[in-house]
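Report on the structure
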Amino acid sequence: MLVAIIIHAIIQEYVLDKINRRMHFSKTKHSKFNESGQLSAFYLFACVWGTFILISENYISDPTILWRAYPHNLMTFQMKFFYISQLAYWLHAFPELYFQKTKKEDIPRQLVYIGLYLFHIAGAYLLNLNHLGLVLLVLHYFVEFLFHISRLFYFSNEKYQKGFSLWAVLFVLGRLLTLILSVLTVGFGLARAENQKLDFSTGNFNVLAVRIAVLASICITQAFMMWKFINFQLRRWREHSTFQAPAVKKKPTVTKGRSSRKGTENGVNGTVTSNGADSPRNRKEKSS
């Protein structure tokens, strides 16, 4: 946790603060930029590290290793150190709420966010489902990294939207793949295992009640994330449609004198065109 706090401070001081001084962000963008900057660095590091473990231990070439020879209470050093580092990082996020002077209205969202990570990572570690947990973490971290890096580019240029479109597709695919792997491992692989007795000494938790609890927690979390995702997309579409909405046309009024002349200058039949609305008002000619 202390190492995570120090690294967090180094990234904030020597990278993010310098960019903030150049970009002159508002207070809202400033806090969101710092959040995305810190999380994108962590997600990238954890995703690369986790992928290296998956390749070195042949998780990709042999998917049955997710449930074969359960309980997985014997871990390699890099696997155990990966889980300890994950728990340490998300535990360090609690004091960072004070150090970063997080707004009171943002604290409940951050607590839910941190709590979900700690619950699932600690659950996979304690229930000896570290193989499944590692695969799901790498998958989730990759999608989250894409979102936060897209948000960083969006803050530098608000016209940048391609990253969010790609993230939206991968987010839905990530949720589906998470559910498929979870059901395949817990619902089919572990359900067909020979040893299905609760044994704390050997770390065997392969019983029906635990399997149902694991699947229920994963499904509820994925449903919660999809609900937040749909609300986020609806808000973006609403803002985009409001921004792109054409100007409301006003009904022309018949006036004397120069009204007909102004109508021909601004548009057809007295309606105001975009060019006329954006251009400066023409000077009045002196009457002869």
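Being a predicted model, the structure only gives us computed values, none of them experimental.

**With respect to the overall build of the protein**
The number of helices and strands found in the protein is nine helices and zero strands. Helices and strands appear in the protein in the N-to-C order α-α-α-α-α-α-α-α-α. Evaluated residue by residue, the protein yields a buried proportion of 36% over its 288 residues. Sequence separation of 24 or more characterises 74% of the internal contacts of the protein that already satisfy a separation of 6 or more. Roughly 19000 Å² of accessible area belongs to the protein as shown, and the carbon and sulfur atoms make up 66% of that amount.

**Examining the packing of helix α2 (residues 27–56) against helix α5 (residues 130–156)**
The contact between α2 and α5 brings their axes to 7 Å, and the two run at 145°. The hand of the α2/α5 crossing is left-handed. Classifying every residue of the contact of α2 with α5 by side-chain character gives 18 nonpolar, six polar and five charged.

**Some points on the UniProt feature "transmembrane region" (unreviewed entry) in the protein**
As annotated in UniProt, the feature "transmembrane region" (unreviewed entry) corresponds to residues 41–61, 81–99, 111–128, 134–154, 166–188 and 208–230 in the numbering used here. As annotated, residues 41–61 comprises 76% helix and 0% strand, and the C-alpha atoms at either end are separated by 28 Å.

**Notes on the nonpolar core**
Ranked by size, the top nonpolar core spans 41 residues in total, and within it Y43, Y59, W90, I121, L134 and Y141 carry the most contacts. Of all the elements in the fold, those that place two or more residues in this core are α2, α3 (77–99), α4 (107–126), α5, α6 (162–189) and α7 (208–244). Apart from the residues within four sequence positions on either side, Y59 is in contact with L54, I65, L66, M79, H131, L134 and V135. Counting 10 residues, the second largest nonpolar core, distinct from the first, contains L146, A168, F171 and F229.

**Looking at the side chain of H140**
Within the secondary structure, H140 is located in helix α5. The buried category is assigned to H140, whose relative accessible area is 12%. Excluding residues that lie within four positions of it along the chain, H140 makes contacts with Y117, R175 and M225.

**Section: the pattern of salt bridges**
Scanning all chains against the criterion turns up three salt bridges. A salt bridge links R109 to E35, with the nearest nitrogen and oxygen atoms 3.5 Å apart. Of this pair, R109 sits in helix α4 while E35 is found in helix α2, placing the two residues 74 residues apart along the sequence. R109 gets classed as partly exposed once you look at its relative accessible area, which sits at 41%.

**Quick look at unusual backbone geometry**
With an omega of 10°, the peptide bond between Y70 and P71 qualifies as cis. Looking at the element boundaries, P71 is found in the loop between α2 and α3. Backbone geometry places A69, a non-glycine residue, at a positive phi of 60°. By secondary structure assignment, the location of A69 is in the loop between α2 and α3. The phi dihedral of K101 is positive, around 55°, even though this residue is not glycine. Considering the arrangement of structural elements, one finds K101 in the loop between α3 and α4.

**Quick notes on the packing of aromatic side chains**
One pass over the full model with this rule turns up 31 aromatic pairs. An aromatic cluster is present here, built from F25, F33, F147, Y154, F155, F164, W167, F171, F229 and F232 joined pairwise through their rings. Looking at R175, its charged tip hangs above the ring of F171, at a distance of 4.7 Å from the centre.

**Remarks on the packing of helix α1 (residues 2–23) against α3**
Between α1 and α3, whose axes approach to 9 Å, the crossing angle comes to 50°. Put simply, α1 runs oblique to α3. Of the two possible hands of crossing, α1 and α3 adopt the one that is right-handed. Contacts from A4, I5 and H8 of α1 reach α3 at Y89, H92, P95, E96 and F99. Among the residues making up the contact of α1 with α3, the classes are represented as five nonpolar, two polar and one charged.

**Some words on empty space enclosed by the protein**
Applying the stated criterion to the full structure yields one cavity of 30 Å³ or more. For the largest cavity, the calculated volume is near 60 Å³. In terms of lining residues, the largest cavity is bounded by Y70, L127, L129, V186, L190, F205, N206, V210, R211 and V214. The leading source of residues in the lining of the largest cavity is α7, at three residues. Here the lining of the largest cavity is composed, by residue class, of eight nonpolar, one polar and one charged.

The rules behind the values
- Residues numbered from 1 in each chain as written.
- Predicted model: local features only at pLDDT ≥ 70, side-chain atom pairs only at ≥ 80, totals over all residues.
- Heavy atoms only, no water.
- Helix = DSSP H or I, 4+ residues; strand = E, 2+ residues; numbered from the N terminus.
- Buried < 20%, exposed > 50% of the residue type's maximum accessible area, 1.4 Å probe, protein only.
- Contact = heavy atoms within 4.5 Å.
- Areas by Shrake-Rupley, 256 points an atom, 1.4 Å probe, with all protein chains shown as cover.
- Axes fitted to C-alpha atoms, helices over the stretch in contact; angles between N-to-C directions.
- Left-handed = near helix turned anticlockwise from the far one by under 90°.
- Nonpolar A, V, L, I, M, F, W, Y, C, P; charged D, E, K, R; others polar.
- UniProt positions renumbered as here; feature names shortened; annotations may be inferred.
- Core = buried A, V, L, I, M, F, W, Y, C linked by side-chain atoms within 4.5 Å.
- Salt bridge = Lys/Arg side-chain N within 4 Å of Asp/Glu carboxyl O.
- Phe/Tyr/Trp six-rings, centres within 6.5 Å; stacked < 30°, edge-to-face > 60°.
- Lys NZ or Arg CZ within 6 Å of the ring centre and 35° of its normal.
- Parallel < 35°, antiparallel > 145°, perpendicular 65-115°, else oblique.
- 1 Å grid on protein atoms, 1.4 Å probe; cavity = no way out; pocket = protein on both sides within 12 Å on 5 of 7 lines; lining within 4 Å.
- Points joined across faces, edges and corners; volume = space filled by probe spheres on them.

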